[in-house]
Amino acid sequence: MQDLLREMAEVVRDPFAYGRQLKTDTGTKVVGYVCTYAPEEIILAAGAHPLRLFGTTGTIERADAHLQSYCCSLVRGVLEEGLKGGTDFLDGMVFPHTCDSIQRLSDLWRMNVTQGFHVDAVLPVKLDTQSARQYMIDVLHRFKTDLERELDCSITDENLSKAIGLMNEIRRLLRRIYELRSHQPGLMTGDALYTIVKATMIMDRVRCCEILREVVGKMEAAKSPHTNTKRLLMAGGICNQPQIHDLIEAAGGAVVWDDFCTGSRYFEALVSTDKNPITAIAERFLRRAVCPAKHAGLRNRAEDLIRMAKEREAKGVIFLYLKFCDPHAFDYPYLKDALDQEGVPSLLLEVEDPLPAEGQLQTRFEAFLEMI
Amino acid sequence: MPENTVDAEKTEKDKRKIKAIKKMKEIMTFYYIDAKTATENNKKVAWITSGGPVEPLIAMDIIPVYPENHGAMIGASKMGVDLCEKAEAMGYASDLCSYARSDISCATVNGGPIGGLPKPDMLICGNNICGTVLKWYEIQARYFNVPLFIFDTPFCHTGYYEEMRRYVRSQVDEYIEFLEKATGRKLDRDRMEEVGRLSVAGQRMWQAVLDTTVNKPAPMSAFDAFFHLALIVTLRGTQTAVDYYQELLDEMNERAKDGIGAVPNERYRLLWDNLPIWYRTKWLSEKFAAHDACLVADTYTSAWCGSLRYMDENDFLNSMAEGYTRIYLNIGVDEMARSVCDMVDKYDVDGLVIHSNRSCKPYSLGQYDIQRIVEEKKGIPSLLIEADMCDERMFSESQIETRIEAFIEMLKQRNRR
Ligand code: SF4
Ligand code: SF4
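Residues numbered from 1 in each chain as written. Chains lettered and ligands numbered in written order. Predicted model: local features only at pLDDT ≥ 70, side-chain atom pairs only at ≥ 80, totals over all residues. Heavy atoms only, no water.

Asks: What is the right way to read the packing of aromatic side chains from this model?
Replies: What characterises a pair of aromatic rings is the spacing of the ring centres plus the angle enclosed by the ring planes. For the structure on display, the rule yields 28 aromatic pairs over all chains. Arranged with centres 4.7 Å apart and planes meeting at 70 degrees, the rings of Tyr178 of chain A and Phe267 of chain A form a pair that is edge-to-face. Here Tyr178 of chain A, found in helix H7 (residues 157-183), pairs with Phe267 of chain A, found in helix H11 (residues 264-267); they are 89 residues apart in sequence, far enough to count as distant. On the accessibility criterion, Tyr178 of chain A (1% relative accessible area) is buried. Judged by relative accessible area, Phe267 of chain A falls into the buried class, the value being 1%. In this structure an aromatic cluster arises from ring pairing among Phe223, Phe226, Trp272, Trp278, Tyr300 and Trp304 of chain B. Here Arg288 of chain A stacks its cationic end above the ring of Tyr37 of chain A, 4.0 Å away from the centre of that ring. (Phe/Tyr/Trp six-rings, centres within 6.5 Å; stacked < 30°, edge-to-face > 60°. Helix = DSSP H or I, 4+ residues; strand = E, 2+ residues; numbered from the N terminus. Buried < 20%, exposed > 50% of the residue type's maximum accessible area, 1.4 Å probe, protein only. Lys NZ or Arg CZ within 6 Å of the ring centre and 35° of its normal.)

Structural data, given as structure tokens:
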């Protein structure tokens with residue numbers, strides 16, 4: 001298992017180096033994306049490789065000339081990499097419409113990062129009406145045509161079905177890994193788990209599927225010593241700070257499930273295989289747990305969170321938000337209230353890349369875990 | 001000061017005072033009384049976003065109430081910080097839009113300059129201005145426990161496509177169904193057509209008012225426009241708005257003919273970008289005027305007539321889908337920059353003043369690029385002010401004062417060349 005995880009950790013450590021290598025080795029075209037509402041199946045069916053961007057680990061300099069300091073570090077970081085050429089191996093970028101900041105990132109990328117093609121997928125914001133459903137399908141059809149033009153290929157239903165099968169398998173495996181670990185948190189560190197999810201969004205999906213299968217096999221065979229850790233849930237946008245898990249674990253907790261778009265929101269819900277593939281992909285987007293930038297009802301996010309906490313027997317919730325992230329910040333008071341009413345304590349962490357001093361976080365985690 | 005100088009100054013000031021203001025205040029007072037007594041009069045109240053499709057409400061005799069207009073009032077009466085802090089105590093991050101923060105906390109304490117807004121019977125959220133309103137209206141829908149209609153207008157990064165047209169158009173029908181259900185009444189189609197015509201007429205009239213500032217000197221400034229904007233936002237689709245703007249237009253044309261400018265010795269003509277800084281409009285207007293600089297136009301108030309070209313007064317319901325989707329904030333940064341360049345030409349502007357507004361990400365992110373494009377294409381200098389429209393804690397007076405001085409100095413230098 002160590003080897004498998006090492007391969008993934010390597011990918012996560014430098015996704016761009018991985019993307020470059022993949023391109024040189026296989027000649028595959030690489031398409032970047034910024035959010036889980038990017039229809040990966042369609043990119044795969046075009047014979048291209050979808051690679052998610054997670055901001056930058058370096059300092060932000062060039063992006064400062066385009067984005068104010070009150071823009072989240074994810075958007076600033078992605079633009080920084082685009083401007084300084086970190087992403088110059090990409091054949092194109094895909095921007096699904098989500099929050100106001102990503103919306104402007106798409107414009108700024110199109111205007112300033114000239115290499116590679118640029119495609120917007122202007123998805124509906126509300127997801128719970130018939131006309132929104134139809135529009136979602138229409139947008140994905142347009143997206144398919146856009147990709148065919150940009151990648152000079154034709155995307156067949158057969159290839160779409162294949163891609164759907166692959167992505168569904170990946171989702172099933174990720175879910176299985178989450179479940180196994182949720183039963184026995186001692187099987188794997190939180191850091192390792194996040195490495196797996198992130199690597200999945202970066203690496204060759206076929207290879208990734210093989211690794212995930214092996215990981216599941218090893219986990220199913222393993223027995224972890226019973227631990228006394230306090231079970232936690234984490235919720236937010238993206239988790240770009242794996243160190244947080246070490247801190248939580250050092251304080252005696254373990255994150256046993258999450259509501260992240262670098263987590264369960266990526267693998268929840270499968271694409272149906274018994275209908276038109278584009279329609280099926282659209283329907284998954286309508287069905288899966290929503291990102292707060294989308295609307296599928298007034299209380300579903302709180303209901304999902306509470307259900308998740310109960311199902312996973314979590315004793316507390318840690319909200320991990322990026323500073324300046326509007327959609328999540330607006331939902332926080334209502335989610336917290338809903339948890340309070342259920343007697344589930346929660347802790348809010350608003351972070352920016354890079355994280356604040358470790359000692360400070362350590363103390364907060366310890367205090368929180370003592371309370372629950 | 002000798003008495004006659006004081007008198008002269010007073011007449012000088014009087015001369016510049018816009019007479020229509022009094023009427024405007026009356027109309028707004030009446031409007032808010034009407035709204036606040038709605039329940040007694042068996043009328044329904046809908047809260048609606050500033051860029052939302054209000055005409056069907058008017059046609060159905062539902063009183064539209066604008067939390068954003070309320071937000072502007074809160075800002076102008078310097079009550080923003082207090083209400084924002086209250087929202088922060090409720091758990092809302094201090095980086096969120098200060099209109100939203102003010103409104104969310106105001107609803108729970110009935111505070112603010114008019115003792116809170118009348119309670120809504122329904123909420124209408126048009127997301128053509130931002131994603132913030134979606135979250136904000138979800139919060140209020142939970143708080144007031146009333147139905148929410150989302151008018152979802154896909155973002156037009158590079159164009160408006162057929163599938164967008166279909167989607168938005170079908171929502172126009174869904175919207176009307178929603179209103180019919182909420183009121184238990186049918187929409188009177190003739191009345192709807194009439195309201196549509198009045199809406200377009202009002203927008204044209206508002207554009208005509210704004211266009212009077214092509215005159216030199218400009219008979220009014222952007223600061224005046226910020227004030228007179230209230231009607232095209234709140235009473236769009238009514239005869240009242242059309243009549244009022246006709247009167248204002250006449251007055252402005254008269255002033256233009258007589259050569260009366262908003263700023264006594266107009267020397268520099270400037271263009272404002274983004275929302276006003278509500279709690280400092282007077283301070284800013286005086287600062288600029290003291291340097292003979294007049295803000296002759298702005299990208300904000302023109303947003304309520306900017307998509308006129310897509311609207312058809314004789315086919316309102318069909319054309320409003322496109323009109324409401326292709327508004328200034330719902331288009332790509334490059335298209336925004338083009339429209340700013342056009343304004344620079346139209347109003348013959350010498351410089352650009354950009355308010356980088358922490359509250360409003362869709363308006364502000366991308367401004368640096370717009371600034372660069374306008375500087376390059378139009379060869380005019382620009383000034384960037386970091387602030388917030390309602391949250392005074394984000395306003396650093398001394399810093400901004402220094403920047404304004406430096407900017408004016410630069411304009412002077414250029415003038416000399
Ligand atoms: S972190 Fe929040 S603001 Fe930033 S891109 Fe994600 S949703 Fe948008
Ligand atoms: S100020 Fe900006 S973020 Fe706030 S409601 Fe208006 S458009 Fe939306």
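Okay, back to it.
Asks: How should the environment of Ile62 of chain B be read in this particular structure?
Replies: Residues and elements named next belong to chain B. Along the chain, the position of Ile62 falls in the loop between helix H3 (55-59) and strand S2 (63-65). Taking C-alpha positions, Ile62 is 9.0 Å from Leu179, a pair spaced 117 residues apart along the chain. Not counting chain neighbours up to four residues away, the residues in contact with Ile62 comprise Lys44, Val45, Ala46, Leu57, Met122, Leu179 and Thr183. (Contact = heavy atoms within 4.5 Å.)

Asks: Can you walk me through the side chain of Ser106 of chain A in this structure?
Replies: Topologically, Ser106 of chain A is positioned in helix H5 (residues 100-112). Ser106 of chain A gets classed as buried once you look at its relative accessible area, which sits at 1%. Once residues lying within four places of it in the same chain are set aside, the contact partners of Ser106 of chain A are Phe95, His118 and Asp120 of chain A together with His157 of chain B.

Asks: Which parts of the structure should I look at to understand the pairing of strand S1 (residues 30-33) of chain A?
Replies: Regular strands place their side chains on alternate faces of the sheet. Residue and element names in this part refer to chain A. On S1, burial covers both faces: Val30 and Gly32 on one face and Val31 and Tyr33 on the other are all buried. Judged from the 4 bridges that link them, S1 and strand S2 (residues 49-52) form a sheet pairing that is parallel. Bridge pairing links Val31 to Pro50 in S2. Direction of pairing for S1 relative to strand S3 (residues 92-96): parallel, over a ladder of 3 bridges. Each residue of the ladder has a partner; that of Val31, found in S3, is Gly92. (Pairing = 2+ DSSP bridges.)

Asks: Is there a simple way to think about the packing of helix H5 (residues 80-89) of chain B against helix H6 (residues 98-109) of chain B in this case?
Replies: Each pair of packed helices gets described by two things: the angle between the helix axes and the distance between those axes. Residue and element names in this part refer to chain B. The contact between H5 and H6 brings their axes to 8 Å, and the two run at 80 degrees. In this view, H5 runs roughly perpendicular relative to H6, as classed from their interaxial angle. Across the interface between the two elements, Gly80, Leu83, Cys84, Lys86, Ala87 and Glu88 from H5 touch Ser98, Arg101, Ser102, Ser105, Cys106 and Val109 from H6. (Axes fitted to C-alpha atoms, helices over the stretch in contact; angles between N-to-C directions. Parallel < 35°, antiparallel > 145°, perpendicular 65-115°, else oblique.)

Asks: So what exactly am I meant to see when it comes to a negative patch on the surface here?
Replies: A contiguous patch of negative charge, built from Asp188, Asp190, Glu193, Asp312 and Asp315 of chain B, is present on the exposed surface. Along the chain, Asp188 of chain B turns up in the loop between helix H8 (162-183) and helix H9 (189-211). (Patch = residues over 30% accessible without salt bridge, like charges linked within 9 Å, V, L, I, M, F, W, Y side chains within 5 Å. Areas by Shrake-Rupley, 256 points an atom, 1.4 Å probe, with all protein chains shown as cover. Salt bridge = Lys/Arg side-chain N within 4 Å of Asp/Glu carboxyl O. Lys, Arg positive; Asp, Glu negative; His and termini not counted. Charge placed at Lys NZ, Arg CZ, Asp CG, Glu CD.)

Asks: I'm lost on the site of ligand 2 in this one. Help?
Replies: Residue and element names in this part refer to chain B. Neighbouring ligand 2 are the residues Glu68, Cys97, Ile129, Cys130, Thr132, Val133, Trp136, Leu329, Ser359, Cys360 and Met389. No other element matches the 3 residues that helix H7 (residues 132-144) contributes to the shell around ligand 2. Within the shell around ligand 2, the residues separate by chemical class into 8 nonpolar, 2 polar and 1 charged. (Near = heavy atom within 4 Å. Nonpolar A, V, L, I, M, F, W, Y, C, P; charged D, E, K, R; others polar.)

Asks: I tried to follow helix H10 (residues 222-234) of chain B on my own but got confused; where do I start?
Replies: Residues lying three or four places apart along an α-helix face the same way, a consequence of the helix completing one turn every 3.6 residues. Residue and element names in this part refer to chain B. The end-to-end C-alpha distance of H10 is 19 Å, a good match for the 18 Å that 13 residues give at a rise of 1.5 Å each. Roughly 40 degrees is the biggest bend found in H10, and it falls at His228. Counting buried positions over the 13 residues of H10 gives 11, a clear majority of the element. (Expected span 1.5 Å × (residues − 1). Bend = angle between axes of the 7 residues up to and from the residue.)

Asks: Mind showing me how you'd approach the sheet that holds strand S1 (residues 45-48) of chain B here?
Replies: In a beta sheet, neighbouring strands pair by backbone hydrogen bonds and run either parallel or antiparallel. All names here are of chain B. In space, the 4 strands of this open sheet follow the order S2-S1-S3-S4, with parallel pairing throughout. Each having just a single partner strand, S2 and strand S4 (148-151) make up the two edges of the open sheet. Shown here is a sheet whose adjacent strand axes are inclined to one another by a mean of 25 degrees, direction ignored. Here strand S3 (residues 122-126) runs beside S4; their pairing, made up of 4 bridges, is parallel. Paired with Leu123 across the two strands is Leu148, which belongs to S4. Here helix H2 (residues 20-36) sits on the sheet in contact with S1 and S2, set at roughly 110 degrees to S2.

Asks: Whenever I open this one, the confidence of the model for chain B confuses me. Can you help?
Replies: It should be kept in mind that the predicted coordinates are not to be read in detail where pLDDT is low. Per-residue confidence for chain B gives a mean pLDDT of 95; residues scoring 70 or more make up 98%. Interface scoring of the predicted complex returns ipTM 0.96; its pTM is 0.96. (pLDDT = per-residue confidence, 0-100.)

Asks: Before we go on, may I ask you to explain the state of the cysteines in this structure?
Replies: One covalent bond between the sulfur atoms of two cysteine residues makes up a disulfide. Enumeration according to the criterion identifies 0 disulfides over all chains in this entry. Its sulfur unpaired, Cys261 of chain A is 6.4 Å from the next cysteine sulfur, which belongs to Cys35 of chain A. Accessibility expressed as a relative area gives 10% for Cys261 of chain A, which makes it buried. Left without a disulfide partner, Cys125 of chain B is nearest to the cysteine sulfur of Cys130 of chain B, which lies 7.6 Å away. (Disulfide = S-S within 2.5 Å.)

Asks: Sorry if this is basic, but what is going on with helix H4 (residues 73-84) of chain A here?
Replies: Residues and elements named next belong to chain A. Helix length check: H4, at 12 residues, gives a terminal C-alpha distance of 16 Å against a target of 16 Å (1.5 Å per residue), a fit within 8%. Extensive coverage of H4 is indicated by the burial of 10 of its 12 residues. On its buried side, H4 packs onto helix H2 (15-26), H5 and strand S7 (316-322). Phi for Gly85, located one or two positions after H4, is positive at around 90 degrees.

Asks: Got a minute to help me understand empty space enclosed by the protein in this structure?
Replies: Applying the stated criterion across every chain yields a total of 7 cavities of 30 Å³ or more. Of the pockets and cavities examined, the largest cavity occupies roughly 580 Å³. For the largest cavity, the lining is made up of 48 residues, of which Thr98, Cys99, Ile102, Ala293 and Pro327 of chain A are closest to its centre. Taken together, the elements giving at least two residues each to the lining of the largest cavity come down to H4, H5, S7 and helix H14 (326-341) of chain A together with H7 of chain B. For the lining of the largest cavity, the per-class residue count stands at 28 nonpolar, 13 polar and 7 charged. (1 Å grid on protein atoms, 1.4 Å probe; cavity = no way out; pocket = protein on both sides within 12 Å on 5 of 7 lines; lining within 4 Å. Points joined across faces, edges and corners; volume = space filled by probe spheres on them.)

Asks: Can you help me understand the nonpolar core in this one?
Replies: Nonpolar side chains in soluble globular proteins tend to end up buried together. Counting residues in hydrophobic clusters, the biggest one holds 298 residues, and the most contacted among them are Phe365 of chain A together with Tyr99, Ile124, Trp206 and Phe288 of chain B. In terms of residue count, the dominant contributor to this core is H7 of chain A (11 residues). With sequence-adjacent residues up to four places away left out, Phe365 of chain A is seen in contact with Ile244, Leu247, Ile248, Ala251, Ile318, Leu347 and Leu349 of chain A. (Core = buried A, V, L, I, M, F, W, Y, C linked by side-chain atoms within 4.5 Å.)

Asks: I tried to follow the pairing of S2 of chain A on my own but got confused; where do I start?
Replies: Burial along S2 of chain A is two-sided: His49 and Leu51 of chain A and Pro50 and Arg52 of chain A, pointing in opposite directions, are all buried. Handedness of the crossover is the feature at issue here: the chain leaves S1 of chain A, passes through helix H3 (residues 40-45) of chain A, returns alongside S2 of chain A, and the resulting connection is right-handed. (Right-handed = clockwise from strand over helix to strand, strands pointing away.)

Asks: Is there a simple way to explain the sheet that holds S2 of chain A in this structure?
Replies: Residues and elements named next belong to chain A. Spatial ordering of the open sheet is given by S2-S1-S3-S4, a layout of 4 strands whose pairing is parallel. On the outer flanks of this sheet lie S2 and strand S4 (117-121), each paired with one strand and no other. With direction set aside, neighbouring strand axes in the sheet form an average angle of 25 degrees. Contacts between H5 and the sheet are confined to S3 and S4, with S3 contributing the most and set at about 155 degrees to the helix. Most of the contacts of helix H6 (residues 130-151) go to S4, to which it runs at about 175 degrees, and overall it touches S3 and S4.

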